[in-house]
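Tertiary structure, described
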Amino acid sequence: MKKSIYRKFRRNIIFFTLLVSFTPLILLGGIIYYNFVRVYEEKIEDQVKYRAKSQCNTVEVFLRERVAILSTLVDTHSFEYLKQQTNLSHIFDVISRRTDGLVDIGVIDGSGQHIAYSGPYDLAGLNYYHTFWFNEVMSKGKYISDVFMGFRKSPHFIIAVRGHNNGKNWVLRTTIDPDLFHQLVRTAQTGRSGDAYIINKDGIFQTGTRFSGSILGQSNLDTKLFGEGTSLVEKIKLNGRVKYYAGAWLKNNDWLLVISQDVSEEMAGLLTTRNFAILILSLGCLAIIYTTIITTKMTVQRLEKANDGINELNAQLMHSDKLAALGKMAAGIAHEINNPLAVIGEKAGWMRDLLMDEAFTNSDSYKEYSVSIDKIEEHVERARKITHNMLGFIRKMEPRLDDVDINGVLNQTVGLMQNQARLNNITIQMEFDPNIPIIASDQSQLQQVFLNLISNAIDAIEIGKSKEGRINLKTWQKNEYVFISIEDNGPGIPKESERKIFDPFFTTKKTGKGTGLGLSISYNIIEKMGGMINFENKAPQGIVFTIKLPVVLPEKK
Ligand SMILES: Nc1ncnc2c1ncn2[C@@H]1O[C@H](COP(=O)(O)OP(=O)(O)OP(=O)(O)O)[C@@H](O)[C@H]1O
Ligand SMILES: [Mg+2]
């Protein structure tokens, strides 16, 4: 019951200590982490958006420059001049040397006939009248196509501008190098998972890509997700990983330049820091748990010990009270019994005198009478001894102050008991400290105590007589106290009797053998001298009684 209260107490302290230490720690950690992730994500978003926007500008400038070159040619040269193959080749040579990305150039008349061509393919003489781009450029004046296969059967796109001479429309057209264009777009790719490419409104790739698909393939991005304007960021989850897609519209909202970035790659630094922080936090938590448990355990143990001390003290107080109450009662009983005992003793004596009379001496029952009177006298004597002991126990025994040599008193007592010990095959060993001082005490009372203890030891050994008996007497001094120990190798005391042995009348001996007063009288005597009797029960290996007496030095005479 008591143990479970301490256990509950300990559990509660540990629980509440951990609760108040962990709650702010976890809350703080969570809030910091949440905010950190949010700020980090915003930063990545901005960065991807910015890259899309700036790359879009670069591509726009590239296209605008190429359109400007064609427009300048159309504005500064006549159809008649440019349709001359040599003139066109010369001009293309000059332009190619200064401008990247132009594959070829061609002049087409109003009927869609390819009149002059300079470039690596054999496209002269083809008619473009029915192609989508020819119609577009004729009606709008300028046209940049989507990527298509065309007559040359490989993906490319063209830029075309309309010229007007002598009331006739014609077209100057150039092909943009798809590889160079792709390289230009690709410069916006970053990291291990970044991608940059262009798709048209229908999601068809206008450049090659790193991971997303090949040119003219279908992208799985829904271009409608990317709103009007220059750029917009979308977060899309693919295979459980979050990817950011930033898109910027160009070419009059026909093409969407897309920059994609895997968030986890960008967040890798943060994740490493987070894992490190979690590790440190976990170690810290373990340290807190360990310290809390150990400290609480130690505190509760100390408390338990202190409480045990208090309980012990209470038990001692109760014991003293019990002794005092019993003592008073015993004194009353002893006094009341003493008088009838005296009368019985006297009457028994008188009966013995009468028995000496001749009339009785010759009686057949003389012997029986005589034995009975002996028995009466013996038991009266025994009863008197008991009452005497009881009175001795309660009387205010103010100890006399003799000069007592403890070792000497012990030697004397052993002398008295030696015969009895020898008869019972018991050896009494003595280890006396010769330096213990002579103290002021009551020699006869001390002798009574020693006698009680040694005779108890002899009785005990007799009971468990399986081995050779041994009684060990020791004396020593420590600080202001003299110690006397009496150890025997008898059977010791059963655990349940431990608390009772100092109680008056507690005895395990046969009726007539022990009164159960020996230890309580001894306890009383030593307590009055300002000392203590303790015992260490080593059952079944015997018991050690230790007497502790304060050193009271005799007054100098
Ligand atoms: N050395 C010992 N070994 C084992 N038990 C002991 C020892 N000393 C005392 N006891 C136990 O304590 C009980 C009380 O002892 P106590 O000296 O008070 O009374 P007693 O010896 O029984 O009677 P009395 O001393 O009046 O002859 C004993 O009956 C015995 O059971
Ligand atoms: Mg005894």
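Presented here is an overview of the structure given in this document. (Residues numbered from 1 in each chain as written. Chains lettered and ligands numbered in written order. Predicted model: local features only at pLDDT ≥ 70, side-chain atom pairs only at ≥ 80, totals over all residues. Heavy atoms only, no water.)

A tally of helices and strands in the protein yields 12 helices and 16 strands. Taken over C-alpha atoms, the radius of gyration comes to 60 Å for the protein, far larger than the 24 Å a tight globule of 557 residues would show. In terms of principal-axis extent, the alpha carbons of the protein reach across some 190 × 55 × 40 Å. Within the protein, the proportion of its 557 residues that are buried is 39%. Long-range pairs, those at least 24 residues apart, make up 61% of the contacts in the protein with a sequence separation of at least 6. Of the accessible surface of the protein, which amounts to about 32,000 Å², a share of 56% is contributed by carbon and sulfur atoms. (Helix = DSSP H or I, 4+ residues; strand = E, 2+ residues; numbered from the N terminus. Rg over C-alpha atoms; globule rule 2.2 N^0.38 Å. Buried < 20%, exposed > 50% of the residue type's maximum accessible area, 1.4 Å probe, protein only. Contact = heavy atoms within 4.5 Å. Areas by Shrake-Rupley, 256 points an atom, 1.4 Å probe, with all protein chains shown as cover.)

Right, let's talk about the site of ligand 1 for a bit. The local shell around ligand 1 holds 20 residues, among which Asn-456, Thr-507, Thr-508, Lys-509 and Thr-515 are the closest. Between ligand 1 and the protein, one listed contact pairs an oxygen atom with a side-chain N or O atom of Asn-456 at 2.8 Å. At a separation of 2.5 Å, an oxygen atom of ligand 1 approaches a polar side-chain atom of Lys-509. Bound to the protein, ligand 1 loses 90% of the 600 Å² it would expose on its own. The site holding ligand 1 turns out to be the largest pocket. Among the elements that make up the shell around ligand 1, the one with the highest residue count is helix 11 (residues 443-463) (3 residues). (Near = heavy atom within 4 Å. Polar contact = N/O pair within 3.5 Å; in protein donor to acceptor, adjacent residues only side chain to side chain. 1 Å grid on protein atoms, 1.4 Å probe; cavity = no way out; pocket = protein on both sides within 12 Å on 5 of 7 lines; lining within 4 Å. Sits in = over half its atoms within 2 Å of the grid points.)

Turning next to the packing of helix 11 against helix 12 (residues 518-528). Put simply, helix 11 and helix 12 touch, their axes get as near as 9 Å, and they point 145° apart. Along this stretch, helix 11 crosses helix 12, giving a crossing that reads as left-handed. On the side of helix 11, the interface is formed by Gln-445, Leu-446, Gln-448, Val-449, Asn-452, Leu-453 and Asn-456, while helix 12 contributes Gly-518, Leu-519, Ile-521, Ser-522, Ile-525 and Ile-526. Classifying every residue of the contact of helix 11 with helix 12 by side-chain character gives 7 nonpolar, 6 polar and no charged. (Axes fitted to C-alpha atoms, helices over the stretch in contact; angles between N-to-C directions. Left-handed = near helix turned anticlockwise from the far one by under 90°. Nonpolar A, V, L, I, M, F, W, Y, C, P; charged D, E, K, R; others polar.)

Moving on, we come to the pattern of salt bridges. Under the criterion given, the structure shown has 13 salt bridges. Residues Lys-251 and Asp-254 are paired through a salt bridge, measuring 3.8 Å at the closest nitrogen-oxygen approach. Here Lys-251 falls in the buried class, since its relative accessible area comes to 8%. Of the residues examined, Asp-254 reaches a relative accessible area of 30% and is grouped as partly exposed. Here Lys-495 ties to Glu-498 by a salt bridge, and the two come within 3.3 Å at their closest N and O atoms. Judged by relative accessible area, which is 63%, Lys-495 ranks as exposed. In the salt-bridge network here, residues are joined through shared partners; they are Asp-146, Lys-251 and Asp-254. (Salt bridge = Lys/Arg side-chain N within 4 Å of Asp/Glu carboxyl O.)

Overall, antiparallel pairing links the 5 strands, which are arranged 2-1-5-4-3 in an open sheet. What marks the edges here is a single partner per strand, and that holds for strand 2 (114-118) and strand 3 (142-144). Across the sheet, the mean angle separating the axes of adjacent strands is 15° when strand polarity is ignored. The pairing of strand 3 with strand 4 (residues 157-165) spans 3 bridges and is classified as antiparallel. Directly across from Lys-142, in strand 4, lies its bridge partner Val-161. (Pairing = 2+ DSSP bridges.)

So, on to the pairing of strand 1 (residues 102-108). Within strand 1, 6 of the 7 residues are buried, which leaves the element mostly enclosed by the surrounding structure. Two elements, strand 1 and strand 5 (residues 168-176), share 6 bridges in a ladder whose sense is antiparallel. Residue pairing in the sheet places Ile-105 in a bridge with Thr-174 of strand 5. Taken together, the 4 bridges between strand 1 and strand 2 define a ladder with antiparallel strand orientation.

Looking at the element boundaries, Asn-407 is found in helix 10 (residues 406-423). Exposure remark for Asn-407: the relative accessible area of 10% places this residue in the buried category. Within the local environment of Asn-407, its side chain forms a polar contact with the side chain of Thr-475, the two groups lying 3.0 Å apart.

We now examine the layout of surface pockets. By volume, the largest pocket amounts to about 980 Å³. In terms of lining, the largest pocket is formed by 36 residues, of which the most central are Asn-456, Asp-459, Thr-507, Lys-509 and Gly-514. Breaking the lining of the largest pocket down by element, the ones donating at least two residues are helix 9 (366-394), helix 11, helix 12 and strand 16 (543-550). Here the element with the most residues in the lining of the largest pocket is helix 11; it accounts for 9 residues. Residues of the lining of the largest pocket, tallied by class, amount to 15 nonpolar, 15 polar and 6 charged. Split by domain, the residues of the lining of the largest pocket number at least three in each of domain 2 (270-392) and domain 3 (398-550). (Points joined across faces, edges and corners; volume = space filled by probe spheres on them. Domains from an automatic or database assignment.)

Note that all results are geometric; they support no functional claim without further evidence.
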